[in-house]
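Survey of secondary and tertiary structure
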Protein chains: 2
Amino acid sequence: MAYRVRFVPDNAEVLVPEGTDLLRAATLAGLQIKSSCGGDGVCGRCAVSIREGRVDEGNASIPEKLRKRGLVLACRARVMGDTVVFVPEESKVATHHVLTGDAEHARLLTEKETEGAGRYAFSPLGKKVSVSLDEPTLTENAADLARLTARLKKGGLDEVETPLSTLRRLPRVLRECSFRADVYAARTGHGYSIVDVRPGHKETSALGLAVDIGTTTCVVHLVDLSSGITLERRGSYNRQARYGDDVISRIIHASEGGEKLAELQQAVIGTINDLTAEALSETGRSKDDVIAVVMAGNTTMSHLALAVPPDFIRLEPYIPAATHFGVVRAREIGLVAHPEAVVHTVPSVASYVGGDIVSGVLASDLAHSDEVALFIDIGTNGEMVLGNRDWMVACACSAGPCFEGGGISCGMRATPGAIQRVRVDADGEVYVSTVGGERPSGVCGSGLVDCLSSLRRAGVIDRSGQFQTDAGFPRMRQTPDGWEYVLVWGRDSRNGEDIAITEDDVKNLLRAKGAVYAGIRSLLRAVDLPMEAVERIYIAGGFGSYLNVQDAVAIGLIPDVSPEKYVFLGNSSIKGARMCLLSEEALAEADELARKITYLELSVGNTFMEEFVSAMFIPHTDLSLFPSVEGAKEGIR
Amino acid sequence: MAYRVRFVPDNAEVLVPEGTDLLRAATLAGLQIKSSCGGDGVCGRCAVSIREGRVDEGNASIPEKLRKRGLVLACRARVMGDTVVFVPEESKVATHHVLTGDAEHARLLTEKETEGAGRYAFSPLGKKVSVSLDEPTLTENAADLARLTARLKKGGLDEVETPLSTLRRLPRVLRECSFRADVYAARTGHGYSIVDVRPGHKETSALGLAVDIGTTTCVVHLVDLSSGITLERRGSYNRQARYGDDVISRIIHASEGGEKLAELQQAVIGTINDLTAEALSETGRSKDDVIAVVMAGNTTMSHLALAVPPDFIRLEPYIPAATHFGVVRAREIGLVAHPEAVVHTVPSVASYVGGDIVSGVLASDLAHSDEVALFIDIGTNGEMVLGNRDWMVACACSAGPCFEGGGISCGMRATPGAIQRVRVDADGEVYVSTVGGERPSGVCGSGLVDCLSSLRRAGVIDRSGQFQTDAGFPRMRQTPDGWEYVLVWGRDSRNGEDIAITEDDVKNLLRAKGAVYAGIRSLLRAVDLPMEAVERIYIAGGFGSYLNVQDAVAIGLIPDVSPEKYVFLGNSSIKGARMCLLSEEALAEADELARKITYLELSVGNTFMEEFVSAMFIPHTDLSLFPSVEGAKEGIR
């Protein structure tokens, strides 16, 4: 008997046999829960609470203070039915927040094992076909390749092409196995390519890689193409970071000539390769088993991964070399995979609306619904797509690096010690929680949104972001550079120094959130629809996943609509990439989407600038847009 | 005013302006006529005779003995109308007889310039397209590649793919030339590939290579793909010869493992590359201008050129790795050409009926005619195809190396000094002529056929090849190894030694000619047709081109049919390859032909062996098959 276990607030879900302990279930769901004692029921760090369903709590002695809060030990509690488990922030292992697509989670083998392709038919880009050919005779003397392709055609693999490297091995392999062979074929633009032929019939399934190439982080999913099961998820920082935090600095470096472009390519391919190698090592599989790859990244990242010069992406009129890159072979770009593995790149819409967005839209329901929806991915750039099954329009606005912790005096990435939640009470006292529960080192994007919202609510700043210097807040102080507000005193911080937010920080945040909101409004104006027409808002990406909607609405970053309209997609770029890997249909739709989405260039016309100016207030100059926001009714305080 | 000049017996033809001298016309036709004085009308070595038409003989003093024979000096005689010119063997420069496709000849620019594609529509595999794109703006901001492919699509180039190397250069090239570029696109299996993009609009046309990969010789045609004109023809010996004279010894070497296969590949690719480099140098063109290549060779040669193991071609049941090889890029096999040049290999029918034969059939009219025709290519193997537009059946028989001068004590290739014509008078006196008119060194294939025929006619040998030792021929003598007949005494030979043909030589020749004729008969028996049903016989290849039909019929090598039925194709392998290069339609037909031709395996059943035994006599045991042969009526002498 197997039961479904859902972990909230992460919404990681897994199907496990009865009696599985929650620690193991969480791991299977892609969630790391602390467990210093190794699951012996001793350390008490794996405490969770049961929201729904039934577990056997075992006979562990749970500390009194945990019991009072209604908590149980995940390592002891055994699943006895479908269960919803709440995992407190402090019980989570958070080395860093690279979203590896947790919300999809490894599954045990079930009838739903092919869910990775989402709504699309399961038709993976690579497959293993075990063939038994009649041995040739003097009268049945077709060539080896003709014999093989005729058999594959019968099996539905039409338009088969064979790289020289495979053809060169074919005669010996076929005779080595008395013409019982395993064929590893991958989908190209036109049909199938025989990536490998091996003596058969072995158990070795074909593997695929879904890759999300983010400017900041890269994520790799190692997928079994026969079952659709994700075997491993790995994520880490993009090693290109040493060449600059944002795409512009990467482009500038790449444009300097010589080996610079190659350096950037090697940095990102090296990042992906390390993740792939780890995943392969963990599963005991060979790189030669990987025969199909789908990469999704923003337009610049796609260029850099393929070493295609991105130079003109940053220069008006912002033209990429390509949006649809065609297929390449793993060997051409140095990927750890079978040398002839077929590599697809999810196509882009334009220079600043890339394959990651197309992939994200694919992973959402936007292109299949009659209702109008908005897709938002907030990072250094804010990218957004508005539309439904009939039409889609997209734009990108430069939000700056604030939400990734850049350009803010106390900003940092969402690594351990980053403040991710901030509350300021009416007296101006500050409460924070950090990633990993460690001593605070700075504030990450979601913490900054909380912070801005809280400071406004407490009256520390006014709607234009001005510090209310005469209100007597004990944590507000003047420095030679202007006013600042201390969030954490040195005695509580990791390095002993105060952590404070300055007037300039607030201005930068207002510009960033103003740009995002102005982008949304510009899209709506372009199609002449009111905000109310939007039935659903998808929030994608790393920053979005840790965002507190109420605070984000309160500062005017995202629209003030009913909270039920918000859907968090997590890392939708990797999800879409995986859908493409597992479904030719999804890949074809990605291609179609990239052509279908109309790109709105915000630097043309005055709409965006007007909207931007209006959106630089908290929450906005037009308060009617934010009816639910407390204080919006109060006017400027 | 331009006139057509045809040179016989080579059948080289050219269209030249009125007043062109015949020496120049011959060069244009690809024929080298001797001219020691440099065309000054002094040396008299360029003597030719006018068979038809009109020339102005000029005022040169032609030597009396030439005038008596009705000869004129080619360097003085100027074309005044359509002309047929006979070039005596002694007037030809014959460095070696590699058939570079002379019968097609360079043409002056005329309306017929695209004749190289023969009956097929002129649609070359590569083309240059000069495009002027609108420069991108903020509102017309399609990616460079999208902008380019949309324009190409308008121009009829659909399904365009772009290799990474081209895409990587695209952005800079387009901006360097203000979006006026020259696109070099080549046909792949599925559409077009953008091999190169260059700042435009330049005069540089796209070039292609047609390559004939023979076991003995390689021939390269450098073709201008815009006009269809062949700019250069080059031929030389296949450097693989050091690994053995025939395909079997090459296969054995290749099968030895390690780098042996690579050695053989490099030898043949090196041969081709030297020819290509010479042709490019002669025309002042760059290798990067070569964007499409069509190679035609026998099945083993095709394997070796691509470094695909040919091992199982020589082992029963004689299975090649492939007959249809797909397209590869020049860089993959190291060809001198643009690295991304698309390389097509004319497909094979089976292990011993290769792309050279398919190419040859394409160059003949066989597959387009209602009448039944026979195509014969005699080399180490005798390959033949029988059929018409509705059906075709092919076979191969091992003729042995005799006709290429191998396995014969006095045999040699058709290089200068090789005896190519032999006459034996009733007294047994011998008259010979040699390639290049030089002192004789040995006898080449066509000379051996003449020799066998003459010896039989003179009564030196009987129908079974037995030397008539009691007939008192002064040139017949006994040696420790048996009887032999001296063709050239040492005083007249190059190295001072007698040149003689032995009993064993005659036996080998009988086996070789018997195999060819038995193959022809086996094909006819397979389809149950009499010899009379064959309306046309195409003779292809180097040996065939210098063959004296009467002698070949007299020894029973080829069928005794009306001489008008014989058509000499010359190097039909290179002709067919060039047709494919100049016509997608021809390439598609080659593909179709290779699938359509039914391969008859002669080692199955007894037919071939029965025929072989019957064909080991001169001309045959069944004299009714050779009604025209003198002596056939006489019975065994």
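Shown above is the structure to which this text applies.
The paragraphs below set out a description of the structure included in this document. (Residues numbered from 1 in each chain as written. Chains lettered and ligands numbered in written order. Predicted model: local features only at pLDDT ≥ 70, side-chain atom pairs only at ≥ 80, totals over all residues. Heavy atoms only, no water.)

Examining the pairing of strand S15 (residues 290-297) of chain B
Residues and elements named next belong to chain B. Judged by how many residues are buried, S15 sits mostly within the fold: eight of eight residues are covered. Sheet topology note: the strand S12 (residues 207-213)/S15 ladder contains seven bridges and is parallel. Bridge pairing links Gly 208 to Ala 292 in S15. Across four bridges, S15 lies against strand S17 (residues 342-345) in parallel orientation. Across the sheet, Val 294 pairs through a bridge with His 344, a residue of S17. (Buried < 20%, exposed > 50% of the residue type's maximum accessible area, 1.4 Å probe, protein only. Helix = DSSP H or I, 4+ residues; strand = E, 2+ residues; numbered from the N terminus. Pairing = 2+ DSSP bridges.)

Some words on helix H3 (residues 144-154) of chain A
Residue and element names in this part refer to chain A. When H3 is considered as a whole, its buried residues turn out to be Asp 144, Leu 145, Arg 147, Leu 148 and Leu 152. Across the axial projection of H3, the buried residues extend over an arc of 160°, all falling on one side. Facing away from the buried surface of H3 by more than 90 degrees, the exposed residues are Lys 153 and Lys 154. Those residues of H3 that are buried lie in contact with strand S8 (126-132), strand S9 (160-161), helix H4 (164-176), strand S10 (180-187) and strand S11 (192-199). Immediately beyond the C-terminal end of H3, within one or two residues, lies Gly 156, with a positive phi of roughly 95°. (Arc of directions from axis to C-beta. Contact = heavy atoms within 4.5 Å.)

Quick notes on the relation of the copies chain B and chain A
The transform that puts chain B on chain A rotates by 180° and translates by 0.0 Å along the axis, for an RMSD of 0.3 Å. Interpreted geometrically, this transformation is the action of a two-fold axis. Rotation axis and chain B: the residue whose C-alpha lies nearest the axis is His 190 of chain B, separated from it by 3.6 Å. Counting the interface residues of chain B, we find that 100% of their copies in chain A are interface residues as well, pointing to one common contact surface. (Least-squares fit on C-alpha atoms with pLDDT ≥ 70 in both.)

A word on the pattern of salt bridges
Residue and element names in this part refer to chain A. A complete count under the given rule lists 66 salt bridges over all chains for this structure. A salt bridge links Glu 371 to Arg 536; the shortest N-O distance between them is 3.1 Å. You can see Glu 371 sitting in the loop between helix H9 (355-363) and strand S18 (373-378) and its partner Arg 536 sitting in strand S27 (residues 536-540), a full 165 residues away along the chain. A relative accessible area of 27% means that Arg 536 is categorised as partly exposed. Sharing partners across several salt bridges, the network here consists of Arg 169, Asp 196, Arg 198, Arg 285 and Asp 289. (Salt bridge = Lys/Arg side-chain N within 4 Å of Asp/Glu carboxyl O.)

Quick look at the sheet that holds strand S16 (residues 328-329) of chain A
All names here are of chain A. One open sheet holds the six strands; their spatial order is S14-S13-S12-S15-S17-S16, and the pairing between them is mixed. A single partner strand is all that each edge strand has here, and the edge strands are strand S14 (230-237) and S16. Running at roughly 145° to S14, helix H6 (residues 260-283) makes contact with strand S12 (207-213), strand S13 (217-224), S14 and strand S15 (290-297) of the sheet. (Axes fitted to C-alpha atoms, helices over the stretch in contact; angles between N-to-C directions.)

A word on the environment of Arg 233 of chain B
Within the element layout of this structure, Arg 233 of chain B appears in strand S14 (residues 230-237). Taking the C-alpha atoms as reference, Arg 233 of chain B lies 9.0 Å from Thr 276 of chain B; in sequence the two are 43 residues apart.

Describing H4 of chain A
Owing to its 3.6 residues per turn, the α-helix brings residues three or four apart onto one side. Between its terminal C-alpha atoms H4 of chain A stretches 19 Å, which fits the 18 Å expected from 13 residues at 1.5 Å a residue. Along its length, H4 of chain A reaches its greatest deviation from straightness, about 45°, at Leu 170 of chain A, and the proline Pro 171 of chain A lies no more than four positions downstream. Those residues of H4 of chain A that fall on the buried side of the exposure criterion are Leu 164, Thr 166, Leu 167, Leu 170, Pro 171, Val 173 and Leu 174 of chain A. Where the residues of H4 of chain A are buried, they touch H3, S10 and S11 of chain A together with strand S16 (328-329) and helix H8 (330-333) of chain B. Downstream of H4 of chain A by one or two residues, Ser 178 of chain A has phi in the positive range, about 50°. (Expected span 1.5 Å × (residues − 1). Bend = angle between axes of the 7 residues up to and from the residue.)

Quick look at empty space enclosed by the protein
Residue and element names in this part refer to chain A. Inspection of every chain in the model, using the stated rule, returns one cavity of 30 Å³ or more. Around the largest cavity, the lining comprises 45 residues; the ones closest to its centre are Thr 216, Gly 379, Glu 404, Gly 542 and Phe 543. Counting residues per element, the ones that place at least two in the lining of the largest cavity are S12, S13, helix H7 (299-305), S18, strand S19 (381-387), helix H10 (445-457), helix H12 (541-545) and helix H14 (572-582). Top contributing element to the lining of the largest cavity by residue count: H12, with three residues. Residue composition of the lining of the largest cavity, grouped by class: 15 nonpolar, 23 polar and seven charged. (1 Å grid on protein atoms, 1.4 Å probe; cavity = no way out; pocket = protein on both sides within 12 Å on 5 of 7 lines; lining within 4 Å. Points joined across faces, edges and corners; volume = space filled by probe spheres on them. Nonpolar A, V, L, I, M, F, W, Y, C, P; charged D, E, K, R; others polar.)

A look at the environment of Gly 208 of chain B
Following the sequence through the fold, Gly 208 of chain B ends up in strand S12. Along the chain, Gly 208 of chain B and Leu 582 of chain B lie 374 residues apart, while their C-alpha atoms are 8.6 Å from each other.

What to know about the environment of Ser 178 of chain A
Residues and elements named next belong to chain A. Secondary-structure assignment places Ser 178 in the loop between H4 and S10. Exposure remark for Ser 178: the relative accessible area of 40% places this residue in the partly exposed category. Along the primary structure Ser 178 and Asp 134 are separated by 44 residues, whereas in three dimensions their C-alpha atoms are 9.0 Å apart.

Structural notes on the packing of aromatic side chains
Inspection of every chain in the model, using the stated rule, returns eight aromatic pairs over all chains. Taking the centre distance of 6.2 Å and the plane angle of 75° together, the rings of Phe 473 of chain A and Tyr 485 of chain A count as edge-to-face. In this pair, Phe 473 of chain A is assigned in the loop between H10 and strand S24 (476-479) and Tyr 485 of chain A in strand S25 (residues 482-488), connecting sequence segments twelve residues apart. Each member of the pair, Phe 473 of chain A as well as Tyr 485 of chain A, is classed as buried. An angle of 10° between the planes, with centres 5.9 Å apart, marks the rings of Phe 608 of chain B and Phe 612 of chain B as stacked. Placement of the pair is Phe 608 of chain B and Phe 612 of chain B together in helix H16 (residues 607-614), with a separation of four residues, close to one helical turn. Accessibility assignment for this pair places Phe 608 of chain B and Phe 612 of chain B in one class, buried. Above the ring of Phe 312 of chain A, the side-chain terminus of Arg 175 of chain B is found at 4.0 Å from the ring centroid. Positioned above the aromatic ring of Tyr 184 of chain B, the side-chain terminus of Arg 198 of chain B is 4.3 Å from the ring centre. (Phe/Tyr/Trp six-rings, centres within 6.5 Å; stacked < 30°, edge-to-face > 60°. Lys NZ or Arg CZ within 6 Å of the ring centre and 35° of its normal.)

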